[in-house]
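The residues making up each chain are set out below.
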Amino acid sequence: MRAAADKPGIGSTESLRNWVRRDQVDSGQRPATTTEESTQNKSAKKEIAELKRANAILKAAASFFAAGLDRPHLRS
């Protein structure tokens, strides 16, 4: 590992070790969350946050319009 890490662009032995571990996980040789699963989880969390914001806006709008229905209407 040390000899390979000394090559330009690698950085450190720890970087190389992390890349090897990541490859082992992604190829199914080592149990852990794969890169694809991690990307999907991040995407799902982002979508959930957007949907929660949209729900909050819709709840506020529904509350606002429901309050307007309770008010007596004056016709001129």
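These remarks concern the structure in this document. (Residues numbered from 1 in each chain as written. Predicted model: local features only at pLDDT ≥ 70, side-chain atom pairs only at ≥ 80, totals over all residues. Heavy atoms only, no water.)

1. Some words on the pattern of salt bridges
When their charged atoms lie close together, side chains carrying opposite charge are able to pair. Defined as follows: The salt bridge criterion pairs a side-chain nitrogen of Lys or Arg with a carboxyl oxygen of Asp or Glu, the two atoms within 4 Å. Helix numbering and strand numbering both begin at the N terminus, where a helix is a DSSP run of H or I of at least 4 residues and a strand a DSSP run of E of at least 2.
Taken as a whole, this structure holds two salt bridges when the rule is applied. In this structure, the salt-bridge partner of E14 is R17, at a minimum N-O distance of 2.7 Å. On the criterion of helical spacing, the pair formed by E14 and R17 is a turn pair, its members being three residues apart in helix α2 (residues 13-26).

2. Remarks on the packing of aromatic side chains
Just so we agree on the cut-off: Put simply, two rings from Phe, Tyr or Trp (the six-membered ring, in Trp's case) pair if the centres are within 6.5 Å, and we call them stacked under 30 degrees between planes, edge-to-face over 60, tilted for the rest. For every residue, the accessible area (1.4 Å probe, protein chains only) is compared with the maximum for its type, and the residue is labelled buried under 20%, exposed over 50%, or partly exposed between those bounds.
By the definition in use, this model includes one aromatic pair. Ring centres 5.2 Å apart and planes at 75° place the aromatic pair F64 and F65 in the edge-to-face group. Owing to a relative accessible area of 55%, F64 belongs among the exposed residues under this scheme. On the basis of relative accessible area, F65 is assigned to the exposed category, the value being 57%.

3. Re α2
Since there are 3.6 residues in each turn of an α-helix, residues three or four apart along the chain are aligned in direction. To keep things clear, this is the line we draw: In this analysis, the expected span of each helix is defined as 1.5 Å times one less than the number of residues it contains.
Given a rise of 1.5 Å per residue, 14 residues ought to cover 20 Å, and the 20 Å separating the end C-alpha atoms of α2 matches this to within 8%. Backbone geometry just downstream of α2 places G28 in the positive-phi region, at approximately 90°.

4. Considering the environment of E50
Structurally, E50 is set in helix α3 (residues 35-70). In this structure, the C-alpha to C-alpha distance between E50 and T33, residues 17 residues apart in sequence, is 24 Å.

5. Section: the side chain of T34
What counts, and what does not: Contacts between residues were defined by any pair of non-hydrogen atoms, one from each residue, lying within 4.5 Å.
Secondary-structure assignment places T34 in the loop between α2 and α3. Once you skip the residues sitting within four places of it in the chain, T34 turns out to touch R22, V25 and D26.

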